Amino acid sequence: MEFVDLKKQYLEYKVEIDTEIKSVLDNCQFINGPAVKELETDLSAFCGAEHSIACSSGTDALTLAMMALDVKPGDEIIVPAFTFIATASMVSFLGAVPVFCDVDPVTFNIDPKLIKDKITSKTRGIIAVSLYGQTADFDIINSVAEENNLWVIEDAAQSFGAEYKGKKSCNLTKISTTSFFPAKPLGCYGDGGAVFTNDDELNERIRIVVNHGQEKRYFHKYIGVNGRMDTLQAAVVKVKLKYFSDEIKKRNSVAEKYTELLESFVKTPVVLSENKSVWAQYTIRTEKRDKIIDSLSAKGIPSAIHYPMPLPRQEAFSYLGQPVDFTVSDNLSIEVMSLPMHPFLETNDIETVCSAIKVAL
Ligand SMILES: *Cc1c(COP(=O)(O)O)cnc(C)c1O
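Calculation rules
Residues numbered from 1 in each chain as written. Predicted model: local features only at pLDDT ≥ 70, side-chain atom pairs only at ≥ 80, totals over all residues. Heavy atoms only, no water. 1 Å grid on protein atoms, 1.4 Å probe; cavity = no way out; pocket = protein on both sides within 12 Å on 5 of 7 lines; lining within 4 Å. Points joined across faces, edges and corners; volume = space filled by probe spheres on them. Nonpolar A, V, L, I, M, F, W, Y, C, P; charged D, E, K, R; others polar. Helix = DSSP H or I, 4+ residues; strand = E, 2+ residues; numbered from the N terminus. Near = heavy atom within 4 Å. Polar contact = N/O pair within 3.5 Å; in protein donor to acceptor, adjacent residues only side chain to side chain. Areas by Shrake-Rupley, 256 points an atom, 1.4 Å probe, with all protein chains shown as cover. Sits in = over half its atoms within 2 Å of the grid points. pLDDT = per-residue confidence, 0-100. Patch = residues over 30% accessible without salt bridge, like charges linked within 9 Å, V, L, I, M, F, W, Y side chains within 5 Å. Salt bridge = Lys/Arg side-chain N within 4 Å of Asp/Glu carboxyl O. Lys, Arg positive; Asp, Glu negative; His and termini not counted. Charge placed at Lys NZ, Arg CZ, Asp CG, Glu CD. Phe/Tyr/Trp six-rings, centres within 6.5 Å; stacked < 30°, edge-to-face > 60°. Buried < 20%, exposed > 50% of the residue type's maximum accessible area, 1.4 Å probe, protein only. Pairing = 2+ DSSP bridges. Axes fitted to C-alpha atoms, helices over the stretch in contact; angles between N-to-C directions. Contact = heavy atoms within 4.5 Å. Parallel < 35°, antiparallel > 145°, perpendicular 65-115°, else oblique. Left-handed = near helix turned anticlockwise from the far one by under 90°.

For the structure on display, the rule yields 2 cavities of 30 Å³ or more. Space inside the largest cavity adds up to approximately 120 Å³. What lines the largest cavity is a set of 13 residues, and nearest its centre among them are T107, Y132, Q134, P269 and V270. Split by residue class, the lining of the largest cavity holds 8 nonpolar, 5 polar and no charged. By volume, the second largest cavity is sized at about 80 Å³. V4, L6, Q9, R251 and P343 are, among the 14 residues lining the second largest cavity, the residues nearest its centre. Counting residues per element, the ones that place at least two in the lining of the second largest cavity are α1 (6–27) and α9 (244–262). Residue composition of the lining of the second largest cavity, grouped by class: 7 nonpolar, 2 polar and 5 charged.

Next comes the structure, spelled out in structure tokens:
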């Protein structure tokens, strides 16, 4: 059994993907070929954000968003304590200071009630992650930000396609970023990502920064990066995007089946009624994690831990000083584990996973 079955997905769309890749090869426009613009148009149509800027990864998307917002050394940016490293490491990369905030014990997203206490005169913005495929509570986060004159970025690396109060992830705040890493809900065949905004000026600036800061060839308005998405990746995502709505439905059916079989044995994930998840991960909580992992691996079933250590406790961030109270994040890091999740998971596979869990318990 695969954790994410990319092979099965490829075989499903093989003819179309091969055709699109071949047309890039025939055309030889490997950078900024027509597929990139076409993908951007399709992404905007899908999520509702006016501007979509394809780029080289979800990590670079975060960097581009912060560069466009003119993040400066010493600026404080509030980030969740429980997420993938890139959310916070790119803040440090730009010389700014990640200020960690604990997460909500139900959704595992940044706890909006705790944000106010983290705000100082140096705070510039908030990066809220929509973890495991469920969006953070953007109405509250946006209003705290507005009251304090801060911007908000949605790190939607795990939530492209999700919904919050009927509105799509990547169209919930000032700037959003996503990742097309192969194992994300919508993935390419290498690294890729995108930045989204409804703000014309930010769009212009991101498009300049993503391409060496150049407005015209060899005339550079800003310090920029090489953060472009290559044409081959755009061609692949373009095909997969056509089937993505259907895949989201399938991911939800898989999650429902898991929950039905597991809810009386472990703590199953909770999706709030205002949310629709894309199930980037199906992550359970249990005090018997080691036992379950052993029982699964004995049957050749892969599992993963997202994430075994809260970010403020990582050695890379030790320069920030002694971390304080992150009770929820600390508890999650010792109890969470993710099960195989992809749209092509069969009912009997789900049953195999669940019975191995029950045996362990
Ligand atoms: C995957 C991920 C990223 C980074 O995306 P890449 O495309 O791998 O660079 C950033 N933030 C979160 C929350 C992620 O899950």
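Still more to cover.
Before going further, it helps to spend a moment on the site of the ligand. Contacts to the ligand come from 14 residues, most closely from G58, T59, Q158, S179 and K184. Backbone polar atom of G58 to an oxygen atom of the ligand: 2.7 Å apart, as the coordinates give it. D155 places a polar side-chain atom, nitrogen or oxygen, 2.8 Å from a nitrogen atom of the ligand. Coverage of the ligand by the protein amounts to 93% of the 380 Å² it exposes when considered alone. Placement of the ligand is best described as lying within the largest pocket. Elements represented by at least two residues in the shell around the ligand include exactly α3 (58–68) and α4 (86–93). Of the residues belonging to the shell around the ligand, the class tally is 4 nonpolar, 8 polar and 2 charged.

Okay, the confidence of the model for the chain next. When pLDDT is averaged across the chain, the result is 98; 100% of the residues are at 70 or more. Per-element averaging of pLDDT across the chain places strand β10 (residues 214–216) at the bottom with 94 and strand β9 (residues 193–197) at the top with 99.

Taken together, the side chains of E50, D200, E201 and E204 define an acidic patch exposed on the protein surface. Structurally, E204 can be placed in helix α7 (residues 200–209).

Take the packing of aromatic side chains next. In this structure the tally under the stated criterion is 13 aromatic pairs. Centre to centre, the rings of F108 and Y132 are 6.0 Å apart; their planes meet at 85°, and the pair counts as edge-to-face. On the criterion of sequence distance, the pair formed by F108 in the loop between β3 (97–101) and α5 (112–115) and Y132 in the loop between β4 (123–129) and α6 (138–147) is long-range, its members being 24 residues apart. Per residue, the accessibility class of F108 equals that of Y132, and both read buried.

Before going further, it helps to spend a moment on the pattern of salt bridges. Inspection of every chain in the model, using the stated rule, returns 22 salt bridges. Put simply, D26 and K22 hold a salt bridge, and the shortest N to O gap is 3.0 Å. Highlighted residues: D26 and K22, both in helix α1, separated by 4 residues, approximately one helical turn. Under the relative-accessibility criterion, D26 is labelled exposed at 56%. Residue E38 is joined to K238 by a salt bridge in which the shortest nitrogen-to-oxygen separation is 2.6 Å. Linking E38 in helix α2 (residues 34–47) with K238 in helix α8 (residues 231–242), this pair joins segments that are 200 residues apart in sequence. Residue class for K238 comes out buried when judged on its relative accessible area of 14%. Look at the salt bridges and you will find they share partners, linking E20, E38 and K238 into a network.

It is worth spelling out the pairing of strand β5 (residues 151–155) at this point. Taking burial as the measure, the 5 residues of β5 include 5 buried ones, the bulk of the element. Sheet topology places β4 next to β5; 5 bridges connect them, and they run parallel. Each bridged residue has a counterpart across the sheet, and for A128 the counterpart in β5 is E154. As defined by bridge partners, β5 adjoins strand β8 (residues 175–179) across 3 bridges and the pair is classed as parallel. In the sheet register, I153 faces β8, and the bridge partner there is I175.

Hydrogen bonds between backbone atoms are what pair the strands of a sheet, whose relative direction is either parallel or antiparallel. Read across the sheet, 7 strands follow the order β1-β9-β8-β5-β4-β2-β3 without closing on themselves; strand pairing throughout is mixed. The strands lining the two open edges of the sheet, one partner per strand, are β1 (51–55) and β3. Strand-to-strand, the axes of this sheet are offset by a mean angle of 25°, without reference to chain direction. The sheet contact formed by β8 and β9 spans 5 bridges and is antiparallel. Following the sheet pairing, S179 is matched in β9 by G193. In the packing of α6 onto the sheet, contacts are made with β4 and β5, and the angle to β5 comes to roughly 150°.

With that out of the way, let us pick up the packing of α1 against α8. A pair of packed helices can be characterised by two numbers: the angle between their axes and the separation between those axes. Axis separation between α1 and α8 bottoms out at 9 Å; the angle between their running directions is 140°. The orientation of α1 relative to α8 falls into the category oblique. Crossing angle aside, the handedness with which α1 passes α8 is right-handed. Contacts between α1 and α8 involve Q9, Y13, E16, I17, E20, I21, V24 and L25 from the first element and T231, L232, A235, V236, K238, V239, K240 and K242 from the second.

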